[in-house]
2 protein chains.
Amino acid sequence: MESVLHEEIGEQPAVVAGLLAAEAASIRAIGEQLAQHSIQYVLIAARGSSDNAARYAQYLFGMINGLTVALATPSLFGAYGHPPRLQGALVIGISQSGQSPDIVHVLEEARRQGAPTIALTNDPHSPLAAAAEHCIALHAGTERSIAATKTYTTQLAALALLSLSISPAFAATTSMDAVPAAMRLALESEEQARDAAQRLAQSDRCVVLGRGFNYATACEIALKIKELTYVVAEPYSSADFEHGPIAMIERGFPVVMVVVGETMRAEMLALADRLRARGAALVVLGDDEQFRHSDDGWIAVPATLPEWLTPCVAVLPGQLLAYHLAQLRGLNPDRPRALNKVTLTN
Amino acid sequence: MESVLHEEIGEQPAVVAGLLAAEAASIRAIGEQLAQHSIQYVLIAARGSSDNAARYAQYLFGMINGLTVALATPSLFGAYGHPPRLQGALVIGISQSGQSPDIVHVLEEARRQGAPTIALTNDPHSPLAAAAEHCIALHAGTERSIAATKTYTTQLAALALLSLSISPAFAATTSMDAVPAAMRLALESEEQARDAAQRLAQSDRCVVLGRGFNYATACEIALKIKELTYVVAEPYSSADFEHGPIAMIERGFPVVMVVVGETMRAEMLALADRLRARGAALVVLGDDEQFRHSDDGWIAVPATLPEWLTPCVAVLPGQLLAYHLAQLRGLNPDRPRALNKVTLTN
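Predicted model, so just to flag it, every value in this text is computed and none were measured.

*Asks:* Can you lay out the interface of chain B and chain A for me, pointing to particular residues and giving the numbers?
*Replies:* Counting residues at the interface gives 68 residues for chain B and 68 residues for chain A. With both sides pooled, the region where chain B packs onto chain A buries about 5700 Å², and carbon together with sulfur makes up 54% of that total. Here chain B and chain A share six salt bridges between them. Where Lys 226 of chain B meets Glu 234 of chain A, a salt bridge forms, and the shortest distance between an N and an O atom there is 2.9 Å. Linking chain B with chain A are 18 residue pairs in polar contact (both at pLDDT 80 or more). Among the secondary structure elements, those contributing two or more residues to the side of chain B that touches chain A are β1 (41–45), α2 (49–65), β2 (68–71), α3 (74–77), α10 (215–229), β7 (232–237) and α11 (238–241) of chain B. For the side of chain B that touches chain A, the element with the highest residue contribution is β7 of chain B, accounting for six residues. In terms of residue class, the side of chain B that touches chain A is built from 31 nonpolar, 21 polar and 16 charged.

*Asks:* Tell me about the sheet that holds strand β10 (residues 297–300) of chain A, residues and numbers included.
*Replies:* Residues and elements named next belong to chain A. Taken together, the five strands give an open sheet; going across it, the order is β7-β6-β8-β9-β10, and neighbouring strands pair in parallel fashion. Looking at which strands have only one partner, the edges of the open sheet turn out to be β7 (232–237) and β10. Neighbour to neighbour, the strand axes of the sheet diverge by 20 degrees on average, direction disregarded. In the sheet, strand β6 (residues 205–210) pairs with strand β8 (residues 254–259) via three bridges, with the strands oriented parallel. Counterpart to Leu 209 in the pairing with β8 is Met 257. Packed onto the sheet, helix α10 (residues 215–229) meets β6, β7, β8 and β9 (281–286) and runs at close to 175 degrees relative to β7.

*Asks:* Break down the pairing of β8 of chain A for me, citing the residues and quoting the values.
*Replies:* Residue and element names in this part refer to chain A. Counting buried positions over the six residues of β8 gives six, a clear majority of the element. Alternating residues of β8 divide into Pro 254, Val 256 and Val 258 and Val 255, Met 257 and Val 259, and every residue in both groups is buried. Across six bridges, β8 lies against β9 in parallel orientation. The residue bridging Val 256 from the neighbouring strand is Val 283, located in β9. The parallel pair β8 and β9 is bridged by helix α12 (residues 265–277), and the resulting crossover is right-handed.

*Asks:* With reference to specific residues and values, describe unusual backbone geometry.
*Replies:* Residue and element names in this part refer to chain A. Positive phi is not limited to glycine here, since Tyr 230 has a value of about 65 degrees. Mapped onto the elements, Tyr 230 comes out in the loop between α10 and β7. Taking relative accessible area as the criterion, Tyr 230 reaches 9% and is therefore assigned buried.

*Asks:* So what's going on with the packing of aromatic side chains? Which residues, and what values?
*Replies:* Here the structure, examined in full by the defined rule, presents 11 aromatic pairs over all chains. Pairing Phe 213 of chain A with Tyr 80 of chain B gives two aromatic rings, centres 5.3 Å apart and planes at 90 degrees, and the pair type is edge-to-face. Note that Phe 213 of chain A is positioned in the loop between β6 and α10 and Tyr 80 of chain B in the loop between α3 and β3 (89–95), a pairing that runs across two chains. Both residues of the pair, Phe 213 of chain A and Tyr 80 of chain B, count as buried. Following the ring pairs from residue to residue traces out a cluster consisting of Tyr 56, Tyr 59 and Phe 213 of chain A together with Tyr 80 of chain B.

Thresholds, definitions, all that
Residue positions within a chain follow its written sequence, with the count starting from 1. Chain labels run from A onward and ligand labels from 1 onward, assigned in the order the entries are written. Two thresholds apply to this predicted model, a pLDDT of at least 70 for residue-level local features and 80 or more for giving and counting side-chain atom pairs, whereas whole-chain, interface and lining totals are computed over all residues. Each side-chain value is worked out from all heavy atoms of the structure, with water and hydrogens disregarded. Residues count as neighbours in contact if any of their non-hydrogen atoms are within 4.5 Å of one another. Buried area is calculated as the accessible area (1.4 Å probe) missing from two parts once they are joined, with the contributions of both summed. Salt bridge, as used here, is a side-chain nitrogen of Lys or Arg placed within 4 Å of a carboxyl oxygen of Asp or Glu. Any pair of nitrogen or oxygen atoms within 3.5 Å is treated as a polar contact; in protein, a donor-acceptor pairing is required on top of that, and neighbouring residues in sequence qualify only through side-chain atoms on both sides. Only DSSP runs of H or I reaching four residues or more are called helices, and only runs of E reaching two or more are called strands; each is numbered from the N terminus. Three classes are used: nonpolar for Ala, Val, Leu, Ile, Met, Phe, Trp, Tyr, Cys and Pro, charged for Asp, Glu, Lys and Arg, and polar for all others, with Gly counted as polar. When DSSP locates at least two bridges between a pair of strands, those strands are taken to pair. Angles shown run from 0 to 180 degrees and are taken between the N-to-C directions of axes, each axis being a line fitted to C-alpha atoms and, for helices, limited to the stretch in contact. Any residue under 20% of the maximum accessible area for its type is buried, any over 50% is exposed, and the rest in between are partly exposed; the area is computed with a 1.4 Å probe on protein chains only. Handedness rule for crossovers: strands pointing away from the viewer, path from the first strand over the helix to the second running clockwise, crossover right-handed. Ring pairs shown here join Phe, Tyr and Trp side chains whose ring centres sit within 6.5 Å, with only the six-membered ring taken for Trp; geometry is labelled stacked below 30 degrees between planes, edge-to-face above 60, and tilted in between.

In structure tokens form, the structure reads like this:
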């Protein structure tokens, strides 16, 4: 019997194509309505995988729309009872289930204050959807696996559509139609992901490094590894990593690096050299074969998209890596222990 | 010969008292000048320990000033060449050395755009200080140890003064004079910290949990443990932790919990029960003896301050924990491998 998780990983190209078809017009309409507001920054409330989608949004809205993105601290709105003033903010809540009370609470307060609000959720009848002025449905179908995969990539694609919709100049020259095909290509790296998993299988810890747009990818891959394999996988921006945590790296320490996109490549490769010099066991998810090093594990990421869209694609081989690592460690990837699909933090 | 790190940990009460005396008037004057601006949110650029101070600022400016705090993504300003528009932002750069080019770059761009800018640095002659309109000097003296301690706590105290200075109503009824005495009291927990270190010494991984104001404390303690002991110590907001990573916890897995302040106590203690049920080896840094559990490690944190000031104090026993863990693991806490005091990320 095929694993549900593996099946859902494979569904992603079709599911994202479905989202693009179903929501493009409605997201364009949201963009037109937002043009009536003077938006000075974006505030996003999210947890878990959705919070990694919010990290992508920091680079996306920054680069495409010139907007700073703040990640909300929901306890200010709830437990501490001191919600900040939200004048000038566009407030977005991201939640697969739309059930998390603390995320719903942020959106309710934002709407009460008159800020424009958007819910990104897989359930358009959820409390989050009801709380927000606008709702973007993810159209991912039921996600049966506990670990989020297709709801994460549809969140990224929906955020990219939203970003384009509030930047009409950019939208006119840009299409996201190439994304599903690139995702299909990314799934072809499965054998490399399985081989790379062998390099990680003997250790109960690793770090996952990325930078810029693909820092979000590193965070999401680390989360999948933790959820599915119970390996302590810590994500870092490679810039922060050199500020102290690099001290942990000793001979044989497994390091997964996401080296995708032009902007950070030189810096990431210089870091890879320093890590090899310390004896780290590297696995590189990369989009440029010429930087492939024979001693490293290598998982190819297609190089067919502009950098700002690569996070929709680069995470797929990372999901496969986590899946195969779970298999190698004798764990059932469909039933991670102690996880619930919906977390009800107040 | 006494360790330089240990000496600097012990200096903190006096150094923070010195900062409060030296900078209070000048920070009040900055607050008066900022009143001329219409500040809608705060943007902070920082890395490493300074980034943990920025996490404290998220709760501080949120609760005291009703302002959302965004943490900057410096690569948008540098590598990607797409700095966001900063209208409505108060922009703060935090750096011990004031040398990090990417943090300096954020402040230069903010000033070019006309946003009010503040540098928090231990070197008032640094490039960061030169780039900002206002400078708050940390007065920590030379920090000889590679791992930051007194520059971190002076950053927290300076941020608290700044927050009060832009909220005059609050300032009139609040004094920070009690902070140094509480810090002295916190240092008296050293023997408990040494005992607790024994519980962590056999494992090469652990997690550190906090929530709300003391999420920053959890992040900073985890960073000290990684820098000084090469143990993979991952920090979490306890809310995020239950969203997936709790799956890692198995019998004997070491968990450090910061349970300080009233607001999150009930929630943290319910989590502690769930972790004990999974067999985790707990070390609690706590301010309420009645919740002390005989099977846990316990490090007392003084309960003499309002919750929003506790991060200045709660981190001290955590620094001592990391120091003693390094000693137990036979490492020299003054010479962590591979660390540089100044990181020159572009």
